[in-house]
Amino acid sequence: MKNNLIKRPLFYIWLLLAALLCFMYYCLIRLGVMPFRMLILFVVIGALMLLILGLLWLKKGSGIFSKIFGWILAVVLALTAGTGSYYLWVTNGALNMMTQSSGELKKVASVYVLNNHVINDPKELEGRTIGILNHINTEGSKGCIEALDKKGIRFKTKGYDSSIKMVSDLKGQAIDGVILDQSYIATIEDMEGQQNIREEIVPVFDYQYAVKKSGSANSVDTRTEPFNVLVSGIDTYGAIEDTSRSDVNMIVSVNPKTHTILLVSIPRDYYVETVCDASAGCAQGKMDKLTHTGLHGIETTEMTLEKLFGIKINYNVRVNFSSLIEIVDELGGIDVNNADDFVSQHGGYHFEPGLIHMDGDQTLGFVRERYAFADGDRQRGQNEMRVMQAMIDKATSPAILANFAGVMQTVGHSFQTNMSMDELTGFVNQQIADGAKWKVYSYSVNGSNGTDFAYELGDQASVMYPDKITVSNAKADMDAVRKGEVPPYVNVQ
């Protein structure tokens, strides 16, 4: 009887450990990143440890040393299964959040008035003259007018072809207000004489609406087939779903068989032909700065770059300022080999040449700066690629284990991709099985600066005319990676 009383609690503890181990295996199988052979080996080891523990604890006549060794083994099993289950659960949740993006673009159109306190309420718009754009953001303007009409607020409208002319008329009090998408304010702010636009005009009415996304992934077997990914960095803080300009544009070419990655940076001011789906509300075939394509979603940026380079982009990833700050901080900072001595406008950080360690906000200052360089946006693109490589190095090093859960939770809400869960985990699965080291190359396309008509502004703007030779070189590099060859035109490391 006495032996039965001793064995009964140990038996239940053994069952609890078995259940915890099974739950870890469930999370591992559900995640799908571990190769089948490794998974079988992992299961066999766990089963053997449980069997040994059962023999040590439950076999009749077990001595005190067997019980002590059994408790040590039990603690190891509990820590392994408990910690493993937690990390796997967090990882699965983060990847699900990343890969289940909405099929809609969230937008906000607002009625802006002068910040002179003459108009403080939407009702005070009654009978006034409000400027609207004739060919840009027509859906937002129409929805805003209809929403105010339902509230019994009616006014006259005046059409404009240029957002700069419309805002200038508002500031000159030729009209009483304007209707603009909030994402356009940053675009106007870049123009000469409009640097203080955020203080000069204020919204008195907001209309939230959504536009259906037009694109989808061009899926491949990410375990074995080469693929291209567009990384788009939008110039906003906060929610990743917000629509804004695409200030960072990078095509990442990946060959999982040769373990080669090519980063190609494209300047934000590249003067390109816009390619988009009509449902995105943009101007198909019009010439504009690349950054403005982001106002109509990453799919528009993707299709525009596909035409520019004559390639197929399989997937896209979207990040913003908050994403960069949070992920770098969760990684414990990154180490970047800096080429230039400069001070950033963001944060006023001084970066000296050589290997530098940066936290999240310093990294944002590092990648946003372009005015300190003779090459401007091209140099900024090269710094963006240096940061990308530093993040890859840190994320694939053992150091990530120090805050793995925090990193994965941050990744989950800071990144958005149209790559499916299966495609993402299949790629990771294959790389774990191969265990090979990756070779990362980079290349920056170039151009000449000028001034030309930017359709989204309806006005002249500073642009960069693409250098056809560097565009051709970039395509040759992408083709080489796809074919398993060494890219011929990469930047000097």
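Caption draft 1: Structural view of the overall build of the protein chain. Secondary structure assignment for the protein chain yields 14 helices and 19 strands. Its C-alpha atoms give the protein chain principal-axis dimensions of roughly 100 × 60 × 40 Å. Within the protein chain, the proportion of its 493 residues that are buried is 51%. Counted over contacts in the protein chain with a minimum sequence separation of 6, partners at least 24 positions apart contribute 71%. Only carbon and sulfur atoms are counted for the fraction: they give 56% of the accessible area of the protein chain, which is about 23,100 Å². Between the averaged position of the 44 positive side-chain charges in the protein chain and that of its 54 negative side-chain charges there is a distance of 10 Å.

Caption draft 2: Main features of empty space enclosed by the protein. Applying the stated criterion across every chain yields a total of three cavities of 30 Å³ or more. For the second largest cavity, the calculated volume is near 60 Å³. As for the second largest cavity, its lining consists of T274, A283, K286, D288, K289, H292, T293, H296, Y455 and E456. A class-by-class count of the residues in the lining of the second largest cavity yields two nonpolar, four polar and four charged.

Caption draft 3: Representation of the nonpolar core within the structure. If you look at the biggest cluster of nonpolar residues, it comprises 63 residues, and the most contacted ones within it are I334, F366 and V387. If near-sequence neighbours (up to four positions away) are discounted, V387 is found in contact with L324, I334, V336, M358, T363, F366 and V367. Core analysis: the next-biggest nonpolar cluster, separate from the first, contains 24 residues, Y112, V167, L295 and A454 among them.

Caption draft 4: Inspection of the packing of helix α2 (residues 36-58) against helix α3 (residues 64-99) at higher detail. Two elements in contact, α2 and α3, have axes whose closest approach is 9 Å; the angle formed by their N-to-C orientations is 150°. Taken together, α2 and α3 sit at an angle that is classed as roughly antiparallel. Our pair here, α2 against α3, has a crossing hand that is left-handed. On the side of α2, the interface is formed by M49, L50, I52, L53, L56 and W57, while α3 contributes S66, K67, F69, G70, W71, L73, A74, V76 and L77. When the residues that make up the contact of α2 with α3 are grouped by side-chain class, the tally is twelve nonpolar, two polar and one charged.

Caption draft 5: The pattern of salt bridges, seen in detail. Counted according to the given criterion, the structure contains 16 salt bridges. R268 is the salt-bridge partner of D269, the closest N and O atoms lying 2.9 Å from each other. Of the two residues examined, D269 and R268, each falls in the buried class. By sharing partners, the salt bridges in this structure join D190, R245, D247, R268, D269, K289 and R370 into a single network.

Caption draft 6: Structural view of the environment of I261. Among the secondary structure elements, I261 is positioned in strand β8 (residues 260-265). Sequence-wise, I261 and N228 are 33 residues apart; in three dimensions their C-alpha atoms are separated by 9.7 Å. With residues up to four places along the chain from it excluded, the contact list for I261 reads V252, S253, V254, W438, K439, V440 and Y441.

Caption draft 7: Broad picture of a nonpolar patch on the surface. Taken together, the side chains of F36, I40, V44, L48, L51 and L55 make up a nonpolar region of the molecular surface, amounting to roughly 600 Å² of accessible area. Examined against the element boundaries, V44 turns out to sit in helix α2. Given the relative accessible area of 42%, V44 is considered partly exposed.

Caption draft 8: Main features of the sheet that holds strand β7 (residues 246-255). Across the sheet, six strands lie side by side as β16-β11-β6-β7-β8-β17; this open sheet has mixed pairing. At either end of the open sheet lies a strand with only one pairing partner, and these are β16 (416-417) and β17 (439-444). Strand direction decides the pairing type here: strand β6 (residues 227-234) and strand β11 (residues 315-320), joined by six bridges, are parallel. Across the sheet, residue I234 finds its bridge partner in β11, namely N320.

Caption draft 9: Focus on helix α10 (residues 360-368). Considered for burial, the residues of α10 that qualify are G360, T363, L364, G365, F366 and V367. One side-chain oxygen at the N-terminal end of α10 lies 3.3 Å from the backbone nitrogen of D361; it belongs to D359.

Caption draft 10: Highlighting the packing of aromatic side chains. On inspection of all chains with the given rule, the structure shows twelve aromatic pairs. Plain terms: the ring middles of Y25 and F42 are 5.9 Å apart, the flat faces sit at 80° to each other, and that makes the pair edge-to-face. Taken together, the positions of Y25 in helix α1 (residues 2-31) and F42 in helix α2 put the pair 17 residues apart, joining distant regions of the chain. Overall, Y25 belongs to the buried group, its relative accessible area being 10%. Between F342 and F373 the ring centres are 4.7 Å apart and the planes differ by 70°, which places this aromatic pair in the edge-to-face class. One end of the pair, F342, is in strand β13 (residues 342-343); the other, F373, is in the loop between α10 and α11 (377-395), and 31 residues separate them in sequence. Neither F342 nor F373 differs from the other in exposure class; each is buried. Positioned above the aromatic ring of Y441, the side-chain terminus of K439 is 5.4 Å from the ring centre.

The rules we used
- Residues numbered from 1 in each chain as written.
- Predicted model: local features only at pLDDT ≥ 70, side-chain atom pairs only at ≥ 80, totals over all residues.
- Heavy atoms only, no water.
- Helix = DSSP H or I, 4+ residues; strand = E, 2+ residues; numbered from the N terminus.
- Buried < 20%, exposed > 50% of the residue type's maximum accessible area, 1.4 Å probe, protein only.
- Contact = heavy atoms within 4.5 Å.
- Areas by Shrake-Rupley, 256 points an atom, 1.4 Å probe, with all protein chains shown as cover.
- Lys, Arg positive; Asp, Glu negative; His and termini not counted.
- Charge placed at Lys NZ, Arg CZ, Asp CG, Glu CD.
- 1 Å grid on protein atoms, 1.4 Å probe; cavity = no way out; pocket = protein on both sides within 12 Å on 5 of 7 lines; lining within 4 Å.
- Points joined across faces, edges and corners; volume = space filled by probe spheres on them.
- Nonpolar A, V, L, I, M, F, W, Y, C, P; charged D, E, K, R; others polar.
- Core = buried A, V, L, I, M, F, W, Y, C linked by side-chain atoms within 4.5 Å.
- Axes fitted to C-alpha atoms, helices over the stretch in contact; angles between N-to-C directions.
- Parallel < 35°, antiparallel > 145°, perpendicular 65-115°, else oblique.
- Left-handed = near helix turned anticlockwise from the far one by under 90°.
- Salt bridge = Lys/Arg side-chain N within 4 Å of Asp/Glu carboxyl O.
- Patch = residues over 30% accessible without salt bridge, like charges linked within 9 Å, V, L, I, M, F, W, Y side chains within 5 Å.
- Pairing = 2+ DSSP bridges.
- Polar contact = N/O pair within 3.5 Å; in protein donor to acceptor, adjacent residues only side chain to side chain.
- Phe/Tyr/Trp six-rings, centres within 6.5 Å; stacked < 30°, edge-to-face > 60°.
- Lys NZ or Arg CZ within 6 Å of the ring centre and 35° of its normal.

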